[in-house]
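Coordinate analysis (summary)
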Amino acid sequence: MTVPTIVSVSDVSKRFTLHRHKSLKERIVNRGTERAHREDFWALRDISFDIPSGSTLGLVGHNGSGKSTLLKVIGGIIEPSSGTVRRRGRMAALLELGAGFHPDLTGRENVYLNAAILGLTQKEIDRYFDAIVDFSGIEPFIDTQVKFYSSGMYVRLAFAVAVHVNPDLLLVDEVLAVGDEPFQAKCMDKIEEFQREGRTIVVVSHSAAQVARLCDRVVVMNHGEMVFDGPPADGLHVLRFGYDEQRRIDSLGEELALGSNSHQNPAMITDVSIVSDQPADKKSVATGDDMRVSFSYELTKSHPPLVAEISIETPEGEPIYRLNTADTATVIPDTAGQHVIDFAFARVPLGVGEYSLRGNLETREGVSLDRSLSSSSFSVTGAVPSTGYLTMDVEVATRSDTLNPTG
Ligand SMILES: Nc1ncnc2c1ncn2[C@@H]1O[C@H](COP(=O)(O)OP(=O)(O)OP(=O)(O)O)[C@@H](O)[C@H]1O
């Protein structure tokens, strides 16, 4: 069964015009030369992707990379300079702090205004009003003008309205980071409830933990371009270690390939995964058991001495274990052909949870020749549920001193 598309972004670009005259004086002095002092700036370039109904997409990237602009284009808040966005269903958007609220109106009046803009009838708003106020937790201030609200109070009310208007598509910008921790936890629970109900969510977030927990897919933005679209663990890895590194490896591969007859990368990691009979997406190991990891690579020509590295990462793309063959004084094959390195780990000390495996093949001088962009995942299972990335043998005993009853 094919999942219907709820948002379709095709070849979207967005240009902003920057004016370089800063002061009024500068503007008057340079009158007539406006055009010369204008500069076009592309905040988005040729972005295309579809969002299937029921999925949760994370938009990530460094400051100024274009995430919020893309979210606003998806929400129809700003028009793309070229390209199209098609959207279906009812949408609720939490974009900028205070957006959609009128400062001189009270919280109560803004709830009615905002919910009406989002498509609810007066009757529906009457019905949901108490639930909205209850969710927001700001009842004592509901008849205060919102210009006196703190940023956290704004977000509480805006989020409460957005989740009560029954949206098919919820767009959430970084605003949630403004709320305090208990409210953030409440929002995360609500978003997870939405996911179970099959609603579609697009979030902009700088929190790797939030993205890893919520999203089933990640789009990484860099200088207005989409540099990655795929599984969250890999997207977060790209974000952490930089797309420039990946690009450098790609172009290095092309450069080296020029010298050979082949157009493929002359040093390629073909697989890094746990050795087991389980299906690729369901590999698991029990905590405390032994684990074997095989690292396969292909060289189309001889290379100077090479070093292979494996890393184990958390779902947030954070490495928690790294080992390379130089550390173990292992000389690995560096002639043309296909090679496999076996890493045998005794008594795996990892805690119960999900992990990713990744490889890196580099020269002795540390120049990376290939890095596995997509990881292979595995889970660690165990009888004793503990929290964290580590497990330890433990025996728990209790001891008490009896108090002498006095008087
Ligand atoms: N209205 C505007 N006029 C001119 N430039 C703009 C406008 N809105 C955004 N930009 C520019 O577009 C670029 C992308 O901005 P955007 O807010 O989308 O980035 P972002 O990835 O969300 O960043 P952040 O993580 O800091 O929120 C930035 O360089 C920003 O200065």
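Residues numbered from 1 in each chain as written. Predicted model: local features only at pLDDT ≥ 70, side-chain atom pairs only at ≥ 80, totals over all residues. Heavy atoms only, no water.

The name recorded for the chain in an unreviewed UniProt entry is ABC transporter ATP-binding protein, from Lysinimonas soli. Of the comments in the UniProt record for the chain, the one headed Sequence similarities (unreviewed entry) reads "Belongs to the ABC transporter superfamily." (UniProt positions renumbered as here; feature names shortened; annotations may be inferred.)

Description of the site of the ligand
Close to the ligand lie 13 residues; G64, K67, S68, T69 and H206 are nearest. Backbone polar atom of S65 to an oxygen atom of the ligand: 3.1 Å apart, as the coordinates give it. Between K67 and the ligand, the recorded distance is 2.7 Å, taken from a side-chain N or O atom to an oxygen atom. Protein contact buries 61% of the 640 Å² of open area that the ligand shows by itself. Only β1 (5–19), β2 (38–52) and α2 (67–74) provide two or more residues apiece to the shell around the ligand. Among the elements that line the shell around the ligand, the one with the most residues is α2, at three residues. Of the residues in the shell around the ligand, the class split is four nonpolar, eight polar and one charged. (Near = heavy atom within 4 Å. Polar contact = N/O pair within 3.5 Å; in protein donor to acceptor, adjacent residues only side chain to side chain. Areas by Shrake-Rupley, 256 points an atom, 1.4 Å probe, with all protein chains shown as cover. Helix = DSSP H or I, 4+ residues; strand = E, 2+ residues; numbered from the N terminus. Nonpolar A, V, L, I, M, F, W, Y, C, P; charged D, E, K, R; others polar.)

Here's the deal with the confidence of the model for the chain
Looking at the chain, pLDDT values average 86 and 89% of them are 70 or higher. In this model, residues 256–263 is a region of pLDDT below 50 whose contacts with residues beyond four sequence positions or in other chains number eight contacts. (pLDDT = per-residue confidence, 0-100. Contact = heavy atoms within 4.5 Å.)

Brief notes about the sheet that holds strand β12 (residues 291–299)
The strand order β10-β12-β15 describes an open sheet built from three strands, whose pairing is antiparallel. With one partner strand each, in any of the chains shown, β10 (267–274) and β15 (337–345) form the two edges of the open sheet. Strand-to-strand twist across the sheet, computed as the mean angle between neighbouring axes with direction ignored, equals 15°. (Pairing = 2+ DSSP bridges. Axes fitted to C-alpha atoms, helices over the stretch in contact; angles between N-to-C directions.)

As for the packing of aromatic side chains
According to the stated counting rule, one finds 10 aromatic pairs in the structure shown. Summarising the aromatic geometry, the rings of Y149 and Y154 are spaced 6.2 Å apart at their centres and angled 70° between planes, so their arrangement reads as edge-to-face. An angle of 25° between the planes, with centres 5.8 Å apart, marks the rings of Y355 and F378 as stacked. Within this pair, whereas Y355 is found in strand β16 (residues 353–363), its partner F378 is found in strand β18 (residues 376–381), the two being separated by 23 residues in sequence. (Phe/Tyr/Trp six-rings, centres within 6.5 Å; stacked < 30°, edge-to-face > 60°.)

Examining the side chain of H237
Within the fold, H237 resides in helix α8 (residues 232–241). Within the local environment of H237, its side chain forms a polar contact with the side chain of E313, the two groups lying 2.9 Å apart. With sequence-adjacent residues up to four places away left out, H237 is seen in contact with G242, E313, G317, R358 and R371.

A look at the packing of helix α5 (residues 151–164) against helix α6 (residues 181–196)
Between α5 and α6, the shortest axis-to-axis distance is 12 Å and the interhelical angle comes to 15°. Taken together, the axes of α5 and α6 lie roughly parallel to each other. In terms of crossing hand, the pair formed by α5 and α6 is left-handed. Facing V155, R156, F159 and V163 of α5, the residues of α6 in contact are F183, C187, K190, I191 and F194. When the residues that make up the contact of α5 with α6 are grouped by side-chain class, the tally is seven nonpolar, no polar and two charged. (Parallel < 35°, antiparallel > 145°, perpendicular 65-115°, else oblique. Left-handed = near helix turned anticlockwise from the far one by under 90°.)

A few points about the pattern of salt bridges
By the definition in use, this model includes 12 salt bridges. Taking the shortest distance from any N to any O, the salt bridge between E197 and R199 comes out at 2.8 Å. Overall, R199 belongs to the buried group, its relative accessible area being 16%. Shared partners join several salt bridges into a network, and the residues in it are D189, E192 and R213. (Salt bridge = Lys/Arg side-chain N within 4 Å of Asp/Glu carboxyl O. Buried < 20%, exposed > 50% of the residue type's maximum accessible area, 1.4 Å probe, protein only.)

Some points on the sheet that holds strand β5 (residues 91–94)
Strand order in the open sheet formed by six strands is β5-β6-β7-β3-β8-β9, and the pairing between neighbours is mixed. Edge strands, defined here as strands with exactly one partner in the open sheet, are β5 and β9 (225–230). Across the sheet, the mean angle separating the axes of adjacent strands is 15° when strand polarity is ignored. Here strand β3 (residues 56–61) pairs with strand β8 (residues 217–222) via five bridges, running parallel. Within β8, the position partnered with L57 by the bridge is R217.

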